[in-house]
Amino acid sequence: MLDAQNAAAAPPPVIHREDYRPPDWLVPDIALDFTLDPAATRVKARLSVTRNGVHQRPLRLDGDGLTPVAVRIDGEPQADAWRMDGPALLIDLPGDAHEIETEVEIAPEANSQLMGLYASGGNLCTQCEPEGFRRITFFPDRPDVLSRYVVRMEADKARYPVLLSNGDRTGGGDLPGGRHWAEWRDPFFKPTYLFALVAADLVANRDSFATRSGKQVELAIWVKPDDLPRTEHAMAALKASMAWDEKVYGREYDLGEFNIVAVADFNFGAMENKSLNIFNSRYILADPDTATDVDYDNVAGVVAHEYFHNWSGNRVTCRDWFQLSLKEGFTVFRDQSFSADQGSAAVKRIEDVRALRAAQFPEDAGPLAHPIRPESYIEISNFYTATVYNKGAEVIRMLHTILGPEKFRAGSDLYFERHDGQAATCEDFVTAMEDASGVDLTRFRLWYSQAGTPRVRATLTHEPAGGQARLTLEQEVPPTPGQPAKQPMPIPLRVALYGEMTGEVFGGERLVMLEDQHQEILFEGIGERPILSINRGFSAPVTVVSERSAADLAFLSARDDDPFARYEAMQQLMVDTLVGAVARGSADHRPVIDAVQDTLRNSALDAAFIAEAVLLPSESFIGDQMAKVDPVAIHAAREALRRDLGQELEDEWRASYAKTHANRYEYTPAAKGLRRLKTVALGYLAASGAEDAAIIAHRQFRDADNMTDRQGALATLANSPWPERDEALAAFYDRYRDNGLVIDKWFTTQALSTRDDTVDAVEKLAKHPDFTLANPNRIRALVGAFSVNQKAFNDASGRGYRFLADMVLAVDKLNPQTAAKLVPPLGRWRRFDEGRAALMRKELERIVATPGLSKDVFEQASKSLG
Ligand code: 0A1
Ligand code: ZN
């Protein structure tokens, strides 16, 4: 069934970017005919193929697990004009244009990989990116073969009353035997990965949108009947996205219909199939009782992301999968900008940088590091990474910063105009930006080819006599797999100097372009000692090392007018304190306590920002700052600081709690901020050891009128030794036992617990009747969450590692894509002491030695050992 791989077999082939060749044959038109049935679906395909260039090579049609039932060439049945080459079908063709027909049978209900046509919750749906189409029919399954699709499908009407595909519905009707049919035509040329089909028993939330040129678009979000009331937020986000893309990028929707279908079983977040987006239901469904504010934000962000792909991905697609960041980096940048415009831009930026540091920085520093445009892969599904997506978005953001908004928009317009209907490359994008702006981006292209997070050392000196300040910048790009030596990168750094006494910025903010390995920048007219504010707004995805004193960081955390820089100064102060505490066994907590107190008392700040600013960096992030991670010492140091903050500022936490407590549920940025601060304050009260903390937490849990408050309280309880803990977990389970997405939270909250018995609890939860390997959300909720719990996962016994490896192997038998995504935490072994490193390696070796491993897991595990 899978591309079997084991230690004894030959290693799977490596695909290289430099080997790209245009397709031998094009397929301008395809007609598909589905006779749908969960156990046995017939797929007939008629392809019009044309020779591309002068050559004698056969037509190669990719397949994966398909057996041809019939093959016809120009209408004639053929028995020996074709041959199989492994899973692919080869046909020698005499002329330059032919019509090829194939017929296959597939079994959607047996498809546990969730790639191709599969069953979820009794309905049928497809997932074709990146290479799922070849599991449905024989075809040159690569993104640079663009076709016009006509899709006819028939199915049992009672079981599957809704039949959807891409484009417009052009026909349909009843058939004998309780069956019905529908025909869909998509006028736009598209690659296979954007094909979609749904046969389902679902209901729709319907709405419409008038584009700025006056076209009416019918919108529908398809869900199970019980979920219908949970679709309002997604619909509002869809309409807001459509308006935003017109306003900010001048991009209008191009068809009369836009459908979204939510399914419970999905390997990723969602999929931008042309006019028929298919979503993991966690990124569609939201109501106050079941979704947190973070869930609401994620729903809006993912709906926007998939919608924006209609231009950045669909109208202009990728030539080959090495160009993935062309659509993903740009689209993430677009969805981040959209979300920033909907609420607090400052808080959004803080969240995005936090996510980048949590997921992408460790990837860039480990054995799986790769440039945003990778050079090679074994399995492309492994490259839907934080690097391609999130660092990719940072690279686009840097272009926006360097060019400025007008020139960036001109570049985007030129890119869409030049490449509409084409399969393009990252190079095409940069060239369009260059041509439209007149800015030379030759060296900027290094961001596409070099992996690794640059480190920038910044030193500021002051000569009071001459009124000069000298900023010395030194950059270093660390070696990564296959890239031992690096060139200096062009790094845009937004910089400001603050006067220590006056608190004024000297001459406003400057955009410093660090181009060389070493660079000095002179500032004139600096009459008093300056304090350095650098990488403001996180203008470049780099690590800045600067020896700024605790006093200077406290100054910036109270005074910097760039909210990100202000947050960053507080984080740096906290990190310095905690790293010091781990190294020396203790640290002076006073500067952090004073800075947090200042922030809490500052009435000019909004609650959402305060909540972000006073939060301690995660244990993993602290570990990332150290030569070797000591998970036990980090946990102890962080808890000690939390306790002191809790005790010393108990009055402030109580005041913050009281201020936010009475807030009745509303989904507005202000109300969200109050809820966030409320739970942060509760966490500090719990850490303080205050006698009534358990009562307050339990009351918040019990009386909550929304999931944000309820889950926030549950997380505090889950970390605690209090008797209320088990009662709350049981009550939560009972209340939501029928809602899978909320039960996911129940698993996650326990997997993230900081208690000493978390490994036991997680092993036990894996045997819970609600735990299943068939649902990727459930796997991620328990296993994925556990593997980022630094303390529990890195238990010195190695039990956490063994548990994860067992899960990887069990999931791999069903769903290699989801299994492979669980592997990376084991690849962090170099960051730990010898004992833990050996235990992690042992598990990776066990995985690699397992017979029948998928190439997905083989690639991740073997590279992680490297
Ligand atoms: N293009 C989608 C991500 C995606 C990738 C692969 C999938 O297959 C399992 C599904 C979705 C996006 O960026 O949203
Ligand atoms: Zn995407």
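Reading the values: rules and limits
Residues numbered from 1 in each chain as written. Chains lettered and ligands numbered in written order. Predicted model: local features only at pLDDT ≥ 70, side-chain atom pairs only at ≥ 80, totals over all residues. UniProt positions renumbered as here; feature names shortened; annotations may be inferred. Helix = DSSP H or I, 4+ residues; strand = E, 2+ residues; numbered from the N terminus. Rg over C-alpha atoms; globule rule 2.2 N^0.38 Å. Contact = placed C-beta atoms within 7 Å. Near = placed C-beta within 6 Å. Nonpolar A, V, L, I, M, F, W, Y, C, P; charged D, E, K, R; others polar. Buried ≥ 20, exposed ≤ 12 C-beta atoms within 10 Å, placed from the backbone. Pairing = 2+ DSSP bridges. Domains from an automatic or database assignment. Axes fitted to C-alpha atoms, helices over the stretch in contact; angles between N-to-C directions. Core = buried A, V, L, I, M, F, W, Y, C linked by C-beta atoms within 7 Å. Expected span 1.5 Å × (residues − 1). pLDDT = per-residue confidence, 0-100. Parallel < 35°, antiparallel > 145°, perpendicular 65-115°, else oblique. Left-handed = near helix turned anticlockwise from the far one by under 90°.

- Named according to an unreviewed UniProt entry, the protein chain is Aminopeptidase N originating from Edaphosphingomonas fennica.
- Per UniProt, the protein chain carries the Catalytic activity (unreviewed entry) text "Release of an N-terminal amino acid, Xaa-|-Yaa- from a peptide, amide or arylamide. Xaa is preferably Ala, but may be most amino acids including Pro (slow action). When a terminal hydrophobic residue is followed by a prolyl residue, the two may be released as an intact Xaa-Pro dipeptide."
- The record in UniProt for the protein chain states the following under Cofactor (unreviewed entry): "Zn(2+)".

### Considerations on the overall build of the protein chain
And step 1. From N to C terminus, the protein chain includes 27 helices and 31 strands.
And step 2. Expected size for 866 residues packed as a compact globule is a radius of gyration near 29 Å; at 28 Å, the protein chain falls within 12% of this value.
And step 3. A fraction of 69% describes how many contacts in the protein chain between residues 6 or more apart in sequence connect residues 24 or more apart.

### Digging into the site of ligand 1
And step 1. Surrounding ligand 1, one finds 13 residues, the nearest of these being Gln127, Glu129, Asn267, Phe268 and Met271.
And step 2. Looking at the shell around ligand 1, the elements with two or more residues in it are strand 20 (270-271) and helix 2 (293-308).
And step 3. Of the residues contributing to the shell around ligand 1, the split by class is four nonpolar, five polar and four charged.

### Observations concerning unusual backbone geometry
And step 1. Here the amide bond leading from Glu129 into Pro130 is cis, since omega sits at -5°, within 30 degrees of zero.
And step 2. One can find Pro130 in the loop between strand 11 (123-127) and strand 12 (147-156).
And step 3. Residue Leu114 is not a glycine yet carries a positive backbone phi of 60°.
And step 4. Considering the arrangement of structural elements, one finds Leu114 in the loop between strand 9 (97-106) and strand 10 (116-120).

### Thoughts on the pairing of strand 16 (residues 197-200)
And step 1. Where burial is concerned, the two faces of strand 16 agree: the one with Leu197 and Ala199 and the one with Val198 and Ala200 are both buried.
And step 2. Direction of pairing for strand 11 relative to strand 16: antiparallel, over a ladder of two bridges. Across the sheet, the residue bridging to Leu124 is Ala199, located in strand 16.
And step 3. Here strand 13 (residues 162-165) pairs with strand 16 via four bridges, running antiparallel. Following the sheet pairing, Ser165 is matched in strand 16 by Leu197.

### Topic: the domain arrangement of the protein chain
And step 1. When its domains are assigned, the protein chain resolves into domain 1 (15-201), domain 2 (319-448), domain 3 (456-540), domain 4 (569-690) and domain 5 (738-865).
And step 2. One C-alpha centre belongs to domain 3, the other to domain 5, and the line joining them spans 41 Å.

### Overview of the sheet that holds strand 16
And step 1. Across the sheet, four strands lie side by side as 10-11-16-13; this open sheet has antiparallel pairing. Looking at the sheet topology across the chains shown, the edges are occupied by strand 10 and strand 13. For this sheet, the mean angle separating the axes of adjacent strands, direction not counted, is 20°.

### Let's talk about the UniProt feature "domain: Peptidase M1 alanyl aminopeptidase Ig-like fold" (unreviewed entry) in the protein chain
And step 1. Those places that UniProt annotates as "domain: Peptidase M1 alanyl aminopeptidase Ig-like fold" (unreviewed entry) correspond, in this numbering, to residues 452-545.
And step 2. End C-alpha atoms of residues 452-545 are separated by 16 Å, and the span's content is 0% helix alongside 49% strand.

### Here's the deal with the nonpolar core
And step 1. In terms of nonpolar packing, the biggest core is built from 237 residues, with Val198, Ala199, Val261, Ile284, Val299 and Val808 touching the most fellow members.
And step 2. The residues contacting Val198, other than those within four sequence positions of it, are Asn123, Leu124, Cys125, Val162, Leu164, Val261 and Leu276.

### Some words on helix 1 (residues 232-249)
And step 1. Between its first and last C-alpha atoms helix 1 spans 25 Å; for 18 residues at 1.5 Å apiece the expected length is 26 Å, and the two agree.
And step 2. Of the positions making up helix 1, those classed as buried are His233, Ala234, Ala237, Leu238, Ser241, Met242, Trp244 and Asp245.
And step 3. Turning to helix 1, the residues buried within the fold contact strand 17 (203-210), strand 18 (216-223), helix 2 and helix 3 (324-342).
And step 4. Looking one or two residues past helix 1, Gly250 carries a phi angle of roughly 65°, positive in sign.

### Side note on helix 22 (residues 776-787)
The periodicity of an α-helix, 3.6 residues per turn, causes residues three or four places apart in sequence to face the same way.
And step 1. Judged by how many residues are buried, helix 22 sits mostly within the fold: eleven of twelve residues are covered.
And step 2. Residues of helix 22 that are buried include every one of Pro776, Asn777, Arg778, Ile779, Ala781, Leu782, Val783, Gly784, Ala785, Phe786 and Ser787, and no others.

### A look at the confidence of the model for the protein chain
And step 1. In this model, the protein chain carries an average pLDDT of 97, and 99% of its residues clear a pLDDT of 70 or more.
And step 2. Contacts of residues 1-7 to residues separated by more than four positions or lying in other chains number 19 contacts, the stretch itself having pLDDT below 50.
And step 3. With a pTM of 0.98, the predicted complex shows an ipTM of 0.98.

### Comments concerning the sheet that holds strand 17
And step 1. Reading across the sheet, the five strands line up as 17-18-19-21-20 and stay open at both edges, with mixed pairing between neighbours. For this open sheet the edge positions go to strand 17 and strand 20, each flanked by a neighbour on one side alone.
And step 2. Here strand 17 runs beside strand 18; their pairing, made up of eight bridges, is antiparallel. Its bridge partner being in strand 18, Phe209 is matched across the sheet by Val217.

### Considerations on the environment of Thr102
And step 1. Note on placement: Thr102 falls in strand 9.
And step 2. For Thr102, a count of 23 C-beta atoms within 10 Å corresponds to the buried category.
And step 3. Spatially, the C-alpha atom of Thr102 lies 42 Å from that of Arg846, the residues being 744 residues apart in sequence.
And step 4. Excluding its chain neighbours within four sequence positions, the residues that come into contact with Thr102 are Ala45, Pro68, Val71, Thr137 and Phe138.

### Brief notes about the UniProt feature "domain: Peptidase M1 membrane alanine aminopeptidase" (unreviewed entry) in the protein chain
And step 1. Sequence positions flagged by UniProt for "domain: Peptidase M1 membrane alanine aminopeptidase" (unreviewed entry) are, in local numbering, residues 234-444.
And step 2. Spanning residues 234-444, this segment combines 55% helix with 9% strand, and its end C-alpha atoms are found 37 Å apart.

### Things to note about the packing of helix 24 (residues 799-814) against helix 26 (residues 834-848)
And step 1. At a minimum axis distance of 9 Å, the contact between helix 24 and helix 26 shows a crossing angle of 15°. The orientation of helix 24 relative to helix 26 falls into the category roughly parallel. Where helix 24 crosses over helix 26, the handedness of that crossing is right-handed. Residue-level inspection shows Tyr801, Arg802, Ala805, Val808 and Leu809 of helix 24 in contact with helix 26, the latter providing Leu839, Met840, Glu843, Arg846 and Ile847.
And step 2. Residues of the contact of helix 24 with helix 26, tallied by class, amount to seven nonpolar, no polar and three charged.

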